Amino acid sequence: MAELRNDVPEEEQIEAISRWWKEKGLSTVVQVLAVAALYFGWQAWQNQQQQTAEAASVVYQQLLDVSATLEGQPSNDDYATAAHLVTTLRVDYEDSTYAQYAAMISAKHLNNQEKYSDAIQELDWVIASKPEQSILLAATLRKSRVLSNSGDNVKALDTLNIKDRGEFAASFYELEGDLQFAMGDLAAAKEAYQQAVNNLAVGGNNPLLTIKLDSLVVTDSPEPVIETVVTETEEP
């Protein structure tokens, strides 16, 4: 509004203000309102996200409490409560990390009950939800173990065929060694165990893995000499 100067008569200044308002005033107000709407909309969305995360956290903590009971001598009510909480997280908070962890907890308990098909379905849901890499790798390891428990070592080994194993590389190779050993391929098992040792974190120590590798002796004779091999069964 360059027209507004001290040397311009008041009537002309009023006219200039009126002309400016007609040309730009309304659009300026609209722009200000639009910016305000975006700001307050963003604030409302953030508040909603926080409230959703807090609600999911409460349900997940309840699941952890029930899961501790399932490690002992659970009742049918305990299993029903756990199943209800898992369903709540998967349905009401489907996009949250809590839902993915809940499905993995569910898979663990189903595996313990030898409900292998149901456990695999839970883990497949986690994998299909495209989680962050650490969760994806953990779910893949667990799926491989469940498949092995169900008696399908071939499919369990194929499940481990992931190129980028990240921080779980040692665990992948160790489980691969366990599966190769179970299927009788001792040379492949020894190689996998060695790879697991090579991929341990700097300063890392896995005495059980060392025992597996040291106990597996492969010779050129038709009947390989095998000392004690301990199979890892712990969850990642």
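All values reported here derive from a predicted model rather than from experimental measurement.

Some details on the overall build of the protein chain
The secondary structure content of the protein chain amounts to nine helices and zero strands. Put simply, the protein chain runs from its N terminus to its C terminus through helices and strands in the order α-α-α-α-α-α-α-α-α. Across the 236 residues that make up the protein chain, the buried fraction comes to 33%. When contacts within the protein chain are restricted to residue pairs at least 6 apart in sequence, those whose partners lie at least 24 apart make up 47%. As displayed, the protein chain has an accessible area near 14,700 Å², and 51% of this comes from carbon and sulfur atoms.

Quick notes on unusual backbone geometry
Not every positive phi belongs to a glycine, and E114 is a case in point at roughly 65°. Checked against the element boundaries, E114 lands in the loop between α3 (97-112) and α4 (116-128). Positive phi, close to 55°, is recorded for K130, a residue that is not glycine. You can call K130 exposed: its relative accessible area is 75%.

Quick notes on the packing of helix α2 (residues 76-92) against α3
It is the contact of α2 with α3, at a shortest axis distance of 8 Å, that shows an interaxial angle of 150°. The interaxial crossing formed by α2 with α3 has left-handed handedness. In this structure, α2 contributes V86, L89 and R90 to the contact, and α3 contributes Y98, A99, A102, A103 and S106. Considered class by class, the residues forming the contact of α2 with α3 number six nonpolar, one polar and one charged.

Comments concerning the environment of V126
Along the chain, V126 falls in helix α4. Taking the C-alpha atoms as reference points, V126 and Q100, separated by 26 residues in sequence, lie 5.5 Å from one another. Ignoring sequence-local partners within four residues, the contact set of V126 consists of Q100, A103, M104, P131, I135 and A139.

Description of helix α9 (residues 207-215)
Turning to α9, its buried residues number three or more, namely L209, K212, L213 and S215. Check the buried side of α9 and you find it contacts α7 (169-182) and α8 (186-198).

Considerations on the confidence of the model for the protein chain
Chain-level statistics for the protein chain give a pLDDT mean of 80 and a share of 69% at 70 or above. Here residues 218-234 is modelled with pLDDT under 50, and outside its nearest four sequence neighbours on either side it reaches 36 contacts, counting other chains as well.

Observations concerning the pattern of salt bridges
According to the stated counting rule, one finds five salt bridges in the structure shown. Taking the shortest distance from any N to any O, the salt bridge between K143 and D124 comes out at 2.7 Å. Note that K143 is positioned in helix α5 (residues 133-149) and D124 in helix α4, a separation of 19 residues in sequence. Overall, K143 belongs to the buried group, its relative accessible area being 15%. Judged by relative accessible area, D124 falls into the partly exposed class, the value being 32%.

Overview of the side chain of S96
The residue S96 is located in the loop between α2 and α3 in this model. Take S96: its relative accessible area is 16%, and that puts it in the buried class. Within the structure, S96 has its side chain in polar contact with the backbone oxygen of Y93 (distance 2.7 Å).

How each quantity is defined
Note on numbering: residues in each chain are counted from 1, in written sequence order. For this predicted model, a pLDDT threshold of at least 70 governs which residues receive local features, and a threshold of 80 or more governs which side-chain atom pairs are given and counted, while totals over whole chains, interfaces and linings are taken from all residues. Values reported for side chains reflect all heavy atoms of the structure, with hydrogen atoms and water molecules removed beforehand. Only DSSP runs of H or I reaching four residues or more are called helices, and only runs of E reaching two or more are called strands; each is numbered from the N terminus. Only protein chains enter the calculation, and the probe is 1.4 Å; a residue is then buried if its accessible area is under 20% of its type maximum, exposed if over 50%, and partly exposed in between. Residue contacts are counted whenever heavy atoms from the two residues lie within 4.5 Å of one another. For the accessible areas, the method is Shrake-Rupley and the probe is 1.4 Å, while residue cover comes only from the protein chains on display. Axis definition: a line fit to C-alpha positions, over the contact stretch in the case of helices; interaxial angles, taken between N-to-C directions, run 0 to 180 degrees. Put simply, a crossing is left-handed when the front helix is turned counterclockwise from the back one by less than a right angle, and right-handed when it is turned clockwise. Only Asp, Glu, Lys and Arg are considered charged in this grouping, and only Ala, Val, Leu, Ile, Met, Phe, Trp, Tyr, Cys and Pro are considered nonpolar; every other residue, Gly among them, is considered polar. Residue-level confidence of the predictor is summarised by pLDDT, bounded by 0 at the bottom and 100 at the top. For salt bridges, the criterion is a side-chain nitrogen of Lys or Arg within 4 Å of an Asp or Glu carboxyl oxygen. Two N or O atoms count as a polar contact when they lie within 3.5 Å, although within protein this holds only if one can serve as hydrogen donor and the other as acceptor, and sequence-adjacent residues are included solely when both atoms are side-chain atoms.

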